[in-house]
Amino acid sequence: MSRQQPKKCCQEQQLEEQTQFLNHHFLQCAELVLPWLTPQELAAISSTCKTFRQYSKSVTLRRSLDASRSFETFPVPFYNLVDQHPYAYFIYTPSQFIPSSSSSPQRQSWGSKLDPSLSNDPVAEMGPEGNKVSLVDEKGENEYGCDCERCEKVSDENVFGCPCMDSEGLEIVNECGPSCGCGLECVNRLTQRGILVKLKVLRDLRKGWGLYAAQSIQEGQFVCEYAGELLTTKEARKRQQIYDQLASAGQFSSALLVVREHLPSGKACLRVNIDATRVGNVARFINHSCDGGNLSTVLVRSSGALVPRLCFFASKDIREDEELTFSYGETRVRSNGLKCFCGSSCCFGTLPSEHT
Ligand SMILES: C[S@@+](CC[C@H](N)C(=O)[O-])C[C@H]1O[C@@H](n2cnc3c(N)ncnc32)[C@H](O)[C@@H]1O
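Thresholds applied
- Residues numbered from 1 in each chain as written.
- Predicted model: local features only at pLDDT ≥ 70, side-chain atom pairs only at ≥ 80, totals over all residues.
- Near = placed C-beta within 6 Å.
- Helix = DSSP H or I, 4+ residues; strand = E, 2+ residues; numbered from the N terminus.
- Nonpolar A, V, L, I, M, F, W, Y, C, P; charged D, E, K, R; others polar.
- Axes fitted to C-alpha atoms, helices over the stretch in contact; angles between N-to-C directions.
- Parallel < 35°, antiparallel > 145°, perpendicular 65-115°, else oblique.
- Left-handed = near helix turned anticlockwise from the far one by under 90°.
- Contact = placed C-beta atoms within 7 Å.
- Domains from an automatic or database assignment.
- Pairing = 2+ DSSP bridges.
- Core = buried A, V, L, I, M, F, W, Y, C linked by C-beta atoms within 7 Å.
- Buried ≥ 20, exposed ≤ 12 C-beta atoms within 10 Å, placed from the backbone.
- UniProt positions renumbered as here; feature names shortened; annotations may be inferred.

Caption draft 1: The arrangement of the site of the ligand in detail. Taken together, 18 residues surround the ligand, and among them Gly 208, Trp 209, Ser 253, Ala 255 and Asn 287 come closest. Every element with two or more residues in the shell around the ligand is listed here: β5 (208-213) and β10 (287-288). The residue inventory of the shell around the ligand, partitioned by class, reads nine nonpolar, six polar and three charged.

Caption draft 2: Main features of the packing of helix α2 (residues 39-46) against helix α3 (residues 50-65). Running from N to C, α2 and α3 point in directions that differ by 150°, and their axes come no closer than 8 Å. Here α3 runs roughly antiparallel to α2, going by the angle between their axes. Where α2 crosses over α3, the handedness of that crossing is left-handed. Along the contact surface, α2 presents Leu 42, Ile 45 and Ser 46, while α3 presents Phe 52, Arg 53, Ser 56 and Val 59. Across the contact of α2 with α3, the residue classes tally to four nonpolar, two polar and one charged.

Caption draft 3: Up close: the domain arrangement of the protein. Domain boundaries assigned for the protein yield domain 1 (4-63) and domain 2 (67-133 + 168-326). Listed by partner, the interface residues are nine residues for domain 1 and nine residues for domain 2. With four residues, the top contributor of residues to the side of domain 1 that touches domain 2 is α3. Partitioned by chemical class, the residues of the side of domain 1 that touches domain 2 number four nonpolar, two polar and three charged.

Caption draft 4: Representation of the sheet that holds strand β12 (residues 309-314) in the model. Taken together, four strands build an open sheet; the order of strands is β3-β11-β12-β6 and the sheet is mixed. Both edges of this open sheet fall to β3 (172-175) and β6 (222-225), since each of them pairs with a single strand only. Each neighbouring strand pair of the sheet contributes to a mean axis angle of 40°, computed without reference to strand direction. Sheet topology note: the β6/β12 ladder contains three bridges and is antiparallel. Among the inter-strand pairings, Phe 222 is bridged to a residue of β12, identified as Phe 313.

Caption draft 5: Region of interest: the nonpolar core. Leu 199, Leu 211, Val 223, Tyr 226, Val 282 and Ala 283 are the most contacted members of the largest nonpolar core, which totals 39 residues. For this core, the secondary structure elements donating two or more residues are β4 (199-204), β5, β6, β7 (228-231), β8 (256-262), β9 (269-280), β11 (295-302) and β12. Excluding residues within four positions of it along the chain, Val 282 makes contact with Ala 67, Ser 68, Val 76, Leu 199, Val 201, Leu 211 and Cys 224.

Caption draft 6: Looking closely at the UniProt feature "domain: Post-SET" (unreviewed entry) in the protein. Residues given the UniProt feature "domain: Post-SET" (unreviewed entry) here are residues 336-352. Spanning residues 336-352, this segment combines 0% helix with 0% strand, and its end C-alpha atoms are found 11 Å apart.

So, in structure tokens, the structure goes:
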């Protein structure tokens, strides 16, 4: 009897070591896998065991601390004092991009202990649209955009020598871009350095999430660009129909924006469809205000890039804690449009709507 005792201890010890080994790997797997799950999947898996429940909680907490997933300079936290939603789920892209069946991201890690923007992320790899798309002639040389030799020596004093500053039309601002010799430090790339003001996302019972200033912002300051999937008009129309159906069934917010750029001839109009509903940046939380709000929209064309970007600038001095809003448009084609709760004295009562 006394001789069998050590053998049993040895078995127990082996079993304990195996259990510890499995536990360790189980926890490592959980830490790797859970940040890739949607909120619904997280909820489902967290009901299966205590360990998953604890991991899901920490993923949820980390998600609510930064809507931008470290892609932007400052974290953009969610605050909700009105209901149970800790955050809004979407895939983050800091700049607009053209989706394709092979490159369109289906999932993105969010809420991991690791910095997600450094991870193997499809959107991060895609880069800004301007880097991917440029016009070239048959020799492979840039057909559009300047060579910007003067821009390489640019300083605050001689920036106006840059040919990229010559605007084609009133509503478009031209910036240096992929076809220029200068880098991000160039003063003519104001909107290409990401979001440099502190922002936060607050929940409202009637409007849903909204983007707020977390610091004072001066009139004229660049706030952010409206980033998302660049769609063909056919695809935009198809998606808008689906979004309208979902919205009329309640509890659905779409973020598909249509921008029309009138070409200098005045005879043609370039239409840009940006959908930030599934893939976008924090601009997808900007709500509408019938009085025009405190943001102005400017189309910015980077030299050598095909499509202009829609950028938001402060149209007046903005106080810390103020909601950031702009006007979604003037047209209201739907008599039964969504109710507007902008609260301005000139509120129309319904949100703008148009035939896309
Ligand atoms: C681009 S999203 C803005 C973010 C959105 N509130 C959310 O929770 O994701 C546009 C949607 O927000 C809501 N929205 C925006 N402005 C609003 C307003 N003034 N009144 C009511 N709802 C508004 C509508 O549901 C609209 O379709």
